[in-house]
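Descriptive structure summary
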Amino acid sequence: MKCQRCNKAAVVFQKYSNAHFCKPHFIEDVERKIKRDIRKFGMIKKGERVAIALSGGKDSTVLLYILHRIFNERPDIELTAITIDEGIKGYRENTLEHAIKLTCELGISHTIRSFKEGFGITLDELVAKEKHAACTLCGVLRKNLLNKVARELGASKLAIGHNLDDEAQTILMNYLRGDMDRLKRMSPGITQLGLVMRIKPLRSIPEKEVALYGLLNDLPVSTDECPYAGEALRNEIREIINNYEVRHPGTKYSLLGGFDEIASIMGPPATQIVRCEKCGEPSSVAICKTCRLLGRL
Ligand code: SF4
Ligand SMILES: [Zn+2]
Ligand SMILES: [Zn+2]
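A few points on the structure. Because the structure is a prediction, the values reported are computed rather than measured.

**Concerning the pattern of salt bridges**
- In the structure shown here, the tally under the stated rule is 21 salt bridges.
- The residue E31 makes a salt bridge to R69 at a minimum N-O spacing of 2.7 Å. Of this pair, E31 sits in helix α1 (residues 23–40) while R69 sits in helix α2 (residues 58–71), placing them 38 residues apart in sequence.
- Of the charged contacts in the structure, one is a salt bridge between R142 and E86, with a shortest N-O distance of 3.2 Å. Taken together, the positions of R142 in helix α6 (residues 134–152) and E86 in the loop between β4 (78–85) and α3 (92–106) put the pair 56 residues apart, joining distant regions of the chain.
- By relative accessible area, which is 31% here, R142 ends up partly exposed.
- Its relative accessible area of 1% is what places E86 among the buried residues.
- Taken together, the shared-partner salt bridges in this structure form one network comprising D29, R32 and K33.

Shown next, in the form of structure tokens:
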């Protein structure tokens, strides 16, 4: 098949748009969508310091690389990377190596902070003594620590590597749970007390295209799977959406586009954010989830 822009051999077929692209035109298409979203939602503005959550996996690696490509020539925008080491033996060491390699190659400052330093315990140790699922513990603690480090670094935005598939899954999960408050908090541009504003520049890029972009640019991406991986409901939703996308190409974009329209008329989240009585971090209840999970009651 030929690229629809230049007639060279195509490397990708986008069923949802019926387009074939060669390598340079595919890369151009991905970067165009990201620049469009950054502009449309005012994700990154003049004079900002943007912290990028870098796990070493494909999404965050591609995110860091693309933001560097877009903003490298802009002296008024500063990029800095943060990696959280949860303390997952046999997994995190390898992804950390990839993250360090990339930030060194691109010359981007890099802060690594561990659960052990932040909370005095590794995820492995916590999982062994807690009844909660590993991903619940990991998600809550990582979000807390990422926000804290981004704030310490003076960042005005925290960029995370959620792609189109992640966004479509989260939207549908929130609809199915009837969790409108969480849905509202997903809207781009929501500001909350003590929380560095999160931005998702890859929200319009399908997961497969993020992976292909990483491959075509020879990025050092770790393909290791976390030994705890597997959030049951999300896996079910992923399968439903992927099956539906095969039969009805464009479903993921429809979910995201529909959400954006609803979000624009939904108003702010009802939940008030306060300071946690134990640790002072932002929380929707008197004692934050991190403190409750760590047993600081
Ligand atoms: S799969 Fe779960 S435990 Fe592993 S890094 Fe992701 S959230 Fe953490
Ligand atoms: Zn082409
Ligand atoms: Zn707390």
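Next comes the rest of the description.
**Here's the deal with the coordination of the zinc ion (ligand 3)**
- Coordination of the zinc ion (ligand 3) by the protein comes from C276 (SG), C279 (SG), C288 (SG) and C291 (SG), over a distance range of 2.2 to 2.3 Å.
- All donor residues of the zinc ion (ligand 3) come from one chain, and their arrangement in sequence is C-x2-C-x8-C-x2-C.
- Residue class for C279 comes out partly exposed when judged on its relative accessible area of 30%.

**Considerations on the site of ligand 1**
- Near ligand 1 the following residues occur: L123, C135, C138, R142, C226, Y228 and A229.
- Looking at the shell around ligand 1 element by element, the count peaks at 3 residues for α6.
- Class assignment for the residues of the shell around ligand 1 results in 6 nonpolar, no polar and 1 charged.

**Some thoughts on the sheet that holds strand β6 (residues 157–159)**
- Taken in spatial order, the 5 strands line up as β5-β4-β3-β6-β7 in an open sheet, and their pairing is parallel. Edge positions in the open sheet fall to β5 (109–114) and β7 (197–199), since each of these has one partner strand only. Pairs of neighbouring strands in the sheet enclose a mean axial angle of 30°, with direction left out of account.
- Bridge count for β4 against β5 is 6 bridges, and the pairing is parallel. Bridge pairing in β5 links I82 to T111.

**Points about the packing of aromatic side chains**
- Under the criterion given, the structure shown has 3 aromatic pairs.
- Both rings, one in F115 and one in F119, keep their centres 5.5 Å apart while their planes meet at 75°; by these two values the pair is edge-to-face. In this pair, F115 and F119 both sit in helix α4 (residues 115–119), 4 residues apart, roughly one turn of the helix. For the residue pair F115 and F119, the accessibility class agrees, reading buried in each case.

**Digging into the pairing of β4**
- With 6 of 8 residues buried, β4 lies mostly within the body of the structure.
- Where strand β3 (residues 49–53) meets β4, 5 bridges bridge the pair, whose relative direction is parallel. Within β4, the residue paired with A53 across the bridge is I82.
- The parallel pair β3 and β4 is bridged by α2, and the resulting crossover is right-handed.
- Regarding topology, α3 serves as the crossover connection from β4 to the parallel β5, and that connection is right-handed.

The rules behind the values
- Residues numbered from 1 in each chain as written.
- Chains lettered and ligands numbered in written order.
- Predicted model: local features only at pLDDT ≥ 70, side-chain atom pairs only at ≥ 80, totals over all residues.
- Heavy atoms only, no water.
- Salt bridge = Lys/Arg side-chain N within 4 Å of Asp/Glu carboxyl O.
- Helix = DSSP H or I, 4+ residues; strand = E, 2+ residues; numbered from the N terminus.
- Buried < 20%, exposed > 50% of the residue type's maximum accessible area, 1.4 Å probe, protein only.
- Donors = N, O, S within 2.8 Å, 3.2 Å for Na, K, Ca; no water.
- Near = heavy atom within 4 Å.
- Nonpolar A, V, L, I, M, F, W, Y, C, P; charged D, E, K, R; others polar.
- Pairing = 2+ DSSP bridges.
- Axes fitted to C-alpha atoms, helices over the stretch in contact; angles between N-to-C directions.
- Phe/Tyr/Trp six-rings, centres within 6.5 Å; stacked < 30°, edge-to-face > 60°.
- Right-handed = clockwise from strand over helix to strand, strands pointing away.

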